[in-house]
Amino acid sequence: MLSLFPELLYLAPFAAFLLRIALTAVFGYSAWTRIRSDRVLLKVFGAVDGVVAIMLLLGIYTQLAAIVGTLCTVYWLIKSDVSPLPKSTVALALVMTLSLIVMGAGPFAFDLPL
């Protein structure tokens, strides 16, 4: 089927960039809420979420960050008491992390496609 707006197809690589920015917000919010917790285990998870957020923001080892983010979001779905966000947001974050594993970092990243 033909595209309705073929002149916009040159913007397709920026989809991965937008996914990285959205996931940075999700994991950054999670890190912010967990670091302020009293439980030590949640502080550790908050540190992991913060590292993932920074890696996604800068585009450093993006696929590794997406794999760790996938594991975090699956854990959030299984254990709802440690989830900082609603399940619908976590499910969308899971889909975004899985798509970043497949697509790669996109533009404005330090990752280089091999």
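Residues numbered from 1 in each chain as written. Predicted model: local features only at pLDDT ≥ 70, side-chain atom pairs only at ≥ 80, totals over all residues. Heavy atoms only, no water.

Visitor: Talk me through the nonpolar core; I want residue IDs and the actual numbers.
Guide: By size, the foremost hydrophobic cluster in this structure holds 18 residues, and its most contacted members are Leu-23, Phe-27, Leu-56 and Leu-100. Put simply, the parts of the chain that give this core at least two residues each are α1 (14-35), α2 (40-58), α3 (62-78) and α4 (87-103). Beyond its immediate stretch of four places on either side in the chain, Leu-100 contacts Ala-16, Leu-19, Arg-20, Leu-23, Leu-56, Gln-63 and Ala-66. (Core = buried A, V, L, I, M, F, W, Y, C linked by side-chain atoms within 4.5 Å. Buried < 20%, exposed > 50% of the residue type's maximum accessible area, 1.4 Å probe, protein only. Helix = DSSP H or I, 4+ residues; strand = E, 2+ residues; numbered from the N terminus. Contact = heavy atoms within 4.5 Å.)

Visitor: Could you give me a rundown of α3, with the residues and numbers involved?
Guide: Taking 1.5 Å of rise per residue, the 17 residues of α3 would be expected to cover 24 Å, and the 24 Å separating its terminal C-alpha atoms lies within 8% of that figure. Taken together, the buried positions of α3 are Thr-62, Ala-65, Ala-66, Gly-69, Thr-70, Cys-72, Thr-73 and Trp-76. In this structure, the buried residues of α3 make contact with α1, α2 and α4. (Expected span 1.5 Å × (residues − 1).)

Visitor: So what about the side chain of Thr-97? Which residues, and what values?
Guide: Among the secondary structure elements, Thr-97 is positioned in helix α4. Judged by its relative accessible area of 0%, Thr-97 falls in the buried class. A polar side-chain atom of Thr-97 sits 3.0 Å from a polar atom in the side chain of Thr-70. Not counting residues up to four positions away in its chain, the partners in contact with Thr-97 are Leu-23, Phe-27, Ala-66, Gly-69, Thr-70 and Thr-73. (Polar contact = N/O pair within 3.5 Å; in protein donor to acceptor, adjacent residues only side chain to side chain.)

Visitor: Could you give an account of the packing of α3 against α4, with specific residues and numbers?
Guide: Across the interface, α3 lies against α4 with an axial gap of 8 Å and an inter-helix angle of 155°. Taken together, the axis directions place α3 and α4 in an arrangement best described as roughly antiparallel. Of the two elements, α3 crosses α4, and the hand of that crossing is left-handed. In this structure, α3 uses Gln-63, Ala-66, Ile-67, Gly-69, Thr-70, Thr-73, Val-74, Trp-76 and Leu-77 to contact α4, whose residues at the interface are Lys-87, Val-90, Ala-91, Ala-93, Leu-94, Thr-97, Leu-98, Leu-100 and Ile-101. (Axes fitted to C-alpha atoms, helices over the stretch in contact; angles between N-to-C directions. Parallel < 35°, antiparallel > 145°, perpendicular 65-115°, else oblique. Left-handed = near helix turned anticlockwise from the far one by under 90°.)

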